[in-house]
Amino acid sequence: MTVEFISVGTEILLGNIVNTNAAYLSEKCAALGLSCYYQSVVGDNEERLEDTVRQALSRSDILILSGGLGPTKDDLTKEVVAKVFGRELYEDSHTRERIEAYFQRVHSDQVTPNNWKQAMVPKGARVVDNHNGTAPGLIIEENGKIAILLPGPPNEIKPMFERDIAPYLNELQPEGIYSKMVKLCSIGESKAETMVSDLMDAQTNPTIAPYAKTGEVHFRVTAKASDEKEAEKLFAPLMDELFRRFGDKIYTTEEAVTLEEAIVRLLKEQKLTVTTAESCTGGLLAGRITNVPGASNVFQEGYITYSNDAKERLLGVKRETLMQYGAVSPQTAEEMARKVAEAAGADAALSVTGIAGPGGGTKDKPVGLVYVGCYVKGHVTASEFHFTGNRDKNREFAVARALTLLREELIKIKE
């Protein structure tokens, strides 16, 4: 079945807000096995919205609209869709009661009359309760076409989709859709995709799709099956083949597990602690690590040493090293890693020093040049990277590469 998304709101067209709903719905519907060929954004204009809805229904089986269900005059989604489907609106008493209860719960003294607009629903529509706001979701079915209307705020649309809409969509499929996420590091997107191109060319069920992340590559493996047990049987040969080809470059097959979480797990298993010394990344690396629940068991302290003086004073990097090789050098990166491990009394350490940009680069040391030092139990190395993004991207990639290097060294000593 095909699904099409329409995001409603002039504020999206003006760039006042980022359209995160479209990305969320795309990912969730893809996981459910629905094909999406079109997405649209339309402002709060009745005529243009009606044209968009009619066109979408002419080419897609399922239409999901987000936004435009609020109490104000420019919230037109429900009214327009009802018109397209030829449905009159009526006041749903259950929804009115929920709106009253909501305002009582948030201790509002007065419910303005326009809020009751949200209790008006198209005849024959299935009403989906909103447990995080006032505007209900709606499902309208007619002649093999389906329109699903969802509220715009992410904190309302996501729980509603997970709780009610995803199960409803899954029932429309003759088979259930099951998926696994295989996450890799220490390999580039192009090489990873090339290594599975034959599998992708020959795929039927299950299928494999690559996704590039910052410093990582993810493969989503999806299967259609009657139940989870059958899906696991379908997954097994392909998963075995992926592990045969990529080995320890696969750091997890759990969708919710991040690279930093996998590294914290490794550190805990090996009963090791880690620290950081950061220059151009300014604490982003330590932040990634401490985002992991339980990271305090392996990470007690980190250092931001932006200036040469800080590198000398806090870490003990030799002035001679800085004068002879410069702050951005493999020698300084190695010394930072070794010295910060000593200062923190840690078993492992990462250091980052580089030129994030946009200024500060030279012919010999251009913007994007970054050195990462990695120390593990007495052994220290430094790796050179050249990034070509803007300042933020250069810093993000530096952090990703640092985490990957640490994982590689931890795997070496584990073996």
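Residues numbered from 1 in each chain as written. Predicted model: local features only at pLDDT ≥ 70, side-chain atom pairs only at ≥ 80, totals over all residues. Heavy atoms only, no water.

Chemist: So what exactly am I meant to see when it comes to the overall build of the protein here?
Modeler: When helices and strands are counted, the protein shows 15 helices and 17 strands. When the backbone C-alpha atoms are referred to their principal axes, the protein occupies close to 80 × 55 × 40 Å. When each of the 415 residues of the protein is scored for burial, the buried share is 48%. Contacts in the protein between residues at least 24 apart in sequence constitute 69% of all its contacts with a sequence separation of at least 6. (Helix = DSSP H or I, 4+ residues; strand = E, 2+ residues; numbered from the N terminus. Buried < 20%, exposed > 50% of the residue type's maximum accessible area, 1.4 Å probe, protein only. Contact = heavy atoms within 4.5 Å.)

Chemist: Could you clarify how one ought to interpret the pattern of salt bridges in this entry?
Modeler: For the structure shown, the criterion picks out 24 salt bridges. Lys 180 is the salt-bridge partner of Glu 232, the closest N and O atoms lying 3.4 Å from each other. A residue pair is termed long-range when its members are at least 10 positions apart, and Glu 232 in helix H9 (residues 228–246) and Lys 180 in strand E9 (residues 176–184) qualify at 52 residues. Overall, Lys 180 belongs to the partly exposed group, its relative accessible area being 22%. When the shortest N-O distance is used, the salt bridge between Arg 288 and Glu 260 registers 2.7 Å. Pair noted here: Arg 288 is in helix H11 (residues 284–290) and Glu 260 is in helix H10 (residues 259–269), with a separation of 28 residues, a long-range link. Since its relative accessible area comes to 9%, Glu 260 is described here as buried. What emerges from the salt-bridge pattern is a single network uniting Asp 198, Glu 241, Arg 244 and Arg 245. (Salt bridge = Lys/Arg side-chain N within 4 Å of Asp/Glu carboxyl O.)

Chemist: It is not clear to me how the sheet that holds strand E11 (residues 216–225) should be interpreted in this structure. Could you clarify?
Modeler: In a beta sheet, neighbouring strands are held together by backbone hydrogen bonds and run either parallel or antiparallel to one another. Spatially, E10-E11-E9-E12 is the arrangement adopted by the four strands of the open sheet, whose pairing is antiparallel. Both outer strands of the open sheet, strand E10 (207–213) and strand E12 (250–252), are each paired with one neighbouring strand and no more. Shown here is a sheet whose adjacent strand axes are inclined to one another by a mean of 35 degrees, direction ignored. Lying over the sheet, H9 contacts E9, E10, E11 and E12, oriented at roughly 150 degrees with respect to E11. (Pairing = 2+ DSSP bridges. Axes fitted to C-alpha atoms, helices over the stretch in contact; angles between N-to-C directions.)

Chemist: For this particular structure, what's the right way to read empty space enclosed by the protein?
Modeler: It is a probe the size of a water molecule, rolled over the atoms, that shows where empty space is left. A complete count under the given rule lists one cavity of 30 Å³ or more for this structure. Taken as a whole, the largest cavity encloses approximately 30 Å³ of empty space. In this structure, the largest cavity is lined by Thr 273, Val 274, Thr 275, Gln 300, Glu 301, Ala 344, Gly 345 and Ala 346. When residues of the lining of the largest cavity are traced back to their parent elements, those giving at least two are strand E13 (274–278) and strand E14 (299–304). (1 Å grid on protein atoms, 1.4 Å probe; cavity = no way out; pocket = protein on both sides within 12 Å on 5 of 7 lines; lining within 4 Å. Points joined across faces, edges and corners; volume = space filled by probe spheres on them.)

Chemist: Quick question: what am I supposed to make of the packing of H10 against helix H15 (residues 391–414) here?
Modeler: For any two helices packed against each other, the geometry is given by the interaxial angle and the distance between the axes. In the contact formed by H10 and H15, the axes pass within 10 Å of each other and the chain directions differ by 30 degrees. Relative to H15, the element H10 lies roughly parallel. Considering the relative orientation of H10 and H15, their crossing is left-handed. Facing H10, whose interface residues are Leu 259, Glu 260, Ile 263, Leu 266, Leu 267 and Glu 269, H15 presents Ala 400, Leu 403, Thr 404, Leu 406, Arg 407, Leu 410, Ile 411 and Lys 414. Residues of the contact of H10 with H15, tallied by class, amount to nine nonpolar, one polar and four charged. (Parallel < 35°, antiparallel > 145°, perpendicular 65-115°, else oblique. Left-handed = near helix turned anticlockwise from the far one by under 90°. Nonpolar A, V, L, I, M, F, W, Y, C, P; charged D, E, K, R; others polar.)

Chemist: What exactly am I supposed to notice about the packing of helix H3 (residues 46–59) against helix H4 (residues 77–85) here?
Modeler: Two elements in contact, H3 and H4, have axes separated by 10 Å at closest approach and are oriented at 50 degrees. Our classification of the angle between H3 and H4 gives oblique. The element H3 and its partner H4 pack so that their crossing is right-handed. Residues Glu 46, Leu 49, Glu 50, Val 53, Arg 54 and Leu 57 of H3 touch H4, and the partners they reach there are Thr 77, Val 80, Val 81, Lys 83, Val 84 and Phe 85. Counted by class, the contact of H3 with H4 contains seven nonpolar, one polar and four charged residues.

Chemist: Looking at this model, I keep getting lost on the side chain of Asp 92. Mind explaining?
Modeler: Residue position: Asp 92 is located in the loop between strand E4 (89–91) and helix H5 (93–105). At 2.5 Å, the side chain of Asp 92 and the side chain of Thr 95 are in polar contact. (Polar contact = N/O pair within 3.5 Å; in protein donor to acceptor, adjacent residues only side chain to side chain.)

Chemist: Hey, could you run me through H4 in this one?
Modeler: A turn of α-helix holds 3.6 residues, and therefore any two residues three or four places apart point the same way. With seven of its nine residues buried, H4 lies for the most part within the structure. Just beyond H4, the residue with positive phi is Gly 86, at close to 70 degrees.

Chemist: Even after reading the chapter, I still don't get the nonpolar core, so can you show me in this structure?
Modeler: Looking at soluble globular proteins, one finds that nonpolar side chains tend to be buried together. Counting residues in hydrophobic clusters, the biggest one holds 37 residues, and the most contacted among them are Leu 406 and Leu 410. For this core, the secondary-structure elements that each account for two or more residues are H10, H11, strand E15 (348–354), strand E16 (369–376) and H15. Top contributing element to this core by residue count: H15, with eight residues. Beyond its immediate stretch of four places on either side in the chain, Leu 410 contacts Ile 263, Leu 266, Leu 267, Gln 270, Leu 272 and Val 376. Val 53, Leu 65, Leu 69 and Ala 135 belong to the second-largest nonpolar core, a separate cluster that totals 22 residues. (Core = buried A, V, L, I, M, F, W, Y, C linked by side-chain atoms within 4.5 Å.)

Chemist: Any chance you could explain the sheet that holds strand E3 (residues 62–66) here in plain terms?
Modeler: Across the sheet, six strands lie side by side as E2-E1-E3-E8-E7-E6; this open sheet has mixed pairing. With one partner strand each, in any of the chains shown, strand E2 (35–42) and strand E6 (126–128) form the two edges of the open sheet. Each strand of the sheet is rotated relative to its neighbour by a mean of 15 degrees, with strand direction disregarded. Alignment of strand E1 (residues 2–8) against E3, held across five bridges, turns out to be parallel. Note that in E3 the partner of Glu 4 across the bridge is Leu 63.

Bear in mind that shape data such as this cannot, by itself, settle questions of function.
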